[in-house]
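So the chains spell out like this:
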Amino acid sequence: MRYIEELKQCYLTLEKGYNSMPVNLPGTLFHKAMKARKRLGAIVAHIISARRERQRGNDLLGSFVDGREALTDAQIADNVIGVIFAARDTTASVLTWMVKFLGDHPAVLKAVTVSSPPHIS
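Residues numbered from 1 in each chain as written. Predicted model: local features only at pLDDT ≥ 70, side-chain atom pairs only at ≥ 80, totals over all residues. Heavy atoms only, no water.

Caption draft 1: The arrangement of a nonpolar patch on the surface in detail. A contiguous nonpolar surface patch, about 320 Å² in accessible area, is contributed by Phe101, Val108, Leu109 and Val112. For the nonpolar patch, the element with the highest residue contribution is helix H5 (residues 106-112), accounting for three residues. As for its position among the elements, valine 108 is in helix H5. (Patch = residues over 30% accessible without salt bridge, like charges linked within 9 Å, V, L, I, M, F, W, Y side chains within 5 Å. Areas by Shrake-Rupley, 256 points an atom, 1.4 Å probe, with all protein chains shown as cover. Salt bridge = Lys/Arg side-chain N within 4 Å of Asp/Glu carboxyl O. Helix = DSSP H or I, 4+ residues; strand = E, 2+ residues; numbered from the N terminus.)

Caption draft 2: Examining the pattern of salt bridges more closely. Counting across every chain of the model gives three salt bridges. The shortest N-O distance in the salt bridge between glutamate 6 and arginine 39 comes to 2.6 Å. A residue pair is termed long-range when its members are at least 10 positions apart, and glutamate 6 in helix H1 (residues 4-18) and arginine 39 in helix H2 (residues 29-53) qualify at 33 residues. Judged by relative accessible area, glutamate 6 falls into the partly exposed class, the value being 32%. Take arginine 39: its relative accessible area is 34%, and that puts it in the partly exposed class. Its salt-bridge partner being lysine 100, residue aspartate 104 comes within 2.6 Å of it at the nearest N-O pair. With aspartate 104 and lysine 100 both in helix H4 (residues 73-104), this residue pair falls four residues apart, about one helical turn. (Buried < 20%, exposed > 50% of the residue type's maximum accessible area, 1.4 Å probe, protein only.)

Written as structure tokens, this is what we have:
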């Protein structure tokens, strides 16, 4: 795929600006993230267009293109980008918050790390 490196760079820029101060002025992380998101959308839209012209695949994009829901290309792009973002960040975020929660609540930590599991009848 010829877009892999550009997709990666756009995604990393988007990720950096995701939690930044939402000030959309040139030079800010948020502004760069918004530009990267727009470019990601354009790249994915081009891939969708190419996919529509050839044989469909048996993957996430193929299911959106072939789906009966009649999604627009912009909706498909949003879904694909959302899946990429969630797949990369959700697990790390959940683990981070879980460790913080357990650190803040020693009784819960003790309950989940008990040495002998309860007997299940």
